[in-house]
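# Tertiary structure, described
In case you want the letters, here they are:
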Amino acid sequence: MNTVKIVEVLKKIAAKIEEEKEFLTELDSPIGDSDHGINMARGFAMVSQKLDAVNTEDTGDILRNTGMALVSTVGGSSGPLYGTAFMKMGMALKGKAEVSVPEFLQAFEAGIEGIKARGKSTTGEKTMLDAMVPALDAMKAEWENSGDKGKTFAAGVKAAQKGVEYTKTIIATKGRASYVGERSIGHQDPGATSFTMMLEVLAEEV
Ligand code: ADP
Ligand code: MG
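Okay, so let's go over this structure.

Basis of the calculations
Residues numbered from 1 in each chain as written. Chains lettered and ligands numbered in written order. Predicted model: local features only at pLDDT ≥ 70, side-chain atom pairs only at ≥ 80, totals over all residues. Heavy atoms only, no water. Near = heavy atom within 4 Å. Polar contact = N/O pair within 3.5 Å; in protein donor to acceptor, adjacent residues only side chain to side chain. Areas by Shrake-Rupley, 256 points an atom, 1.4 Å probe, with all protein chains shown as cover. Helix = DSSP H or I, 4+ residues; strand = E, 2+ residues; numbered from the N terminus. Nonpolar A, V, L, I, M, F, W, Y, C, P; charged D, E, K, R; others polar. Contact = heavy atoms within 4.5 Å.

Moving on, we get to the site of ligand 1. The local shell around ligand 1 holds 21 residues, among which Asn39, Ser77, Ser78, Ser121 and Asp189 are the closest. A distance of 3.0 Å separates an oxygen atom of ligand 1 from a polar side-chain atom of Asp35. One nitrogen or oxygen atom from the side chain of Asp189 is found 2.5 Å from an oxygen atom belonging to ligand 1. Calculation on ligand 1 without its partners gives an accessible area of 560 Å², and the protein chains cover 93% of this total. Going through the elements one at a time, α3 (36-53), α5 (78-92), α6 (101-119) and α9 (190-205) are the ones with two or more residues in the shell around ligand 1. Looking at the shell around ligand 1 element by element, the count peaks at three residues for α9. Residue classes in the shell around ligand 1 are distributed as five nonpolar, 10 polar and six charged.

Written out as structure tokens, the structure reads:
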């Protein structure tokens, strides 16, 4: 993947988030403050706009700019968290004109570590991490097993979707959803859902 392809994927993600804005906001209604879709759509609209002006051969630059746009435009916790993840991915890919699968997996891992540090969070707390961490683990395992790019991204999507289902079964202990305590059971996490949408778009494009 080069910068042209990454910009194309990010624009498709922006379109997908815009399309799913209402749904993501609905998910944030019973366990949050009904703004996840609005937050994400605002953030990715800015990302799209910024990418038009970015002229670089460095894939790291693209992701760093994406992260900065998210941090600066999204007020909710998802902005700083996703923003940090993209910035960390950008740092991991700094100077690279092309990204291989192992490099992507390394960057993805750095992004997850960034979210954990920034959010003081881990898996099992009903957050985006419950889709991200299983996705990364599944992708690493599939890449090691088959070395097949398509299969690797498909395994990631499947694990992320399973992670979203898992968030329905647990109590939120981080973020706004933790305020509703046990009543969060039965509802899927909006952040885990938006992440899975992004990975689905990426998987379709690789
Ligand atoms: P806010 O909660 O500030 O209204 P959003 O609604 O945009 O922000 O985002 C909510 C999502 O953010 C949750 O569904 C969850 O996935 C994620 N989230 C919240 N707090 C954390 C955290 N500490 N660590 C990881 N993810 C978190
Ligand atoms: Mg919210």
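Take the environment of Leu136 next. With respect to the helices and strands, the residue Leu136 is situated in helix α7 (residues 129-146). Expressed as a C-alpha distance, the spacing of Leu136 and Gly111, which sit 25 residues apart in the sequence, is 11 Å. If we ignore the near neighbours within four places in the chain, the residues touching Leu136 are Leu105, Phe108, Glu109 and Ile112.

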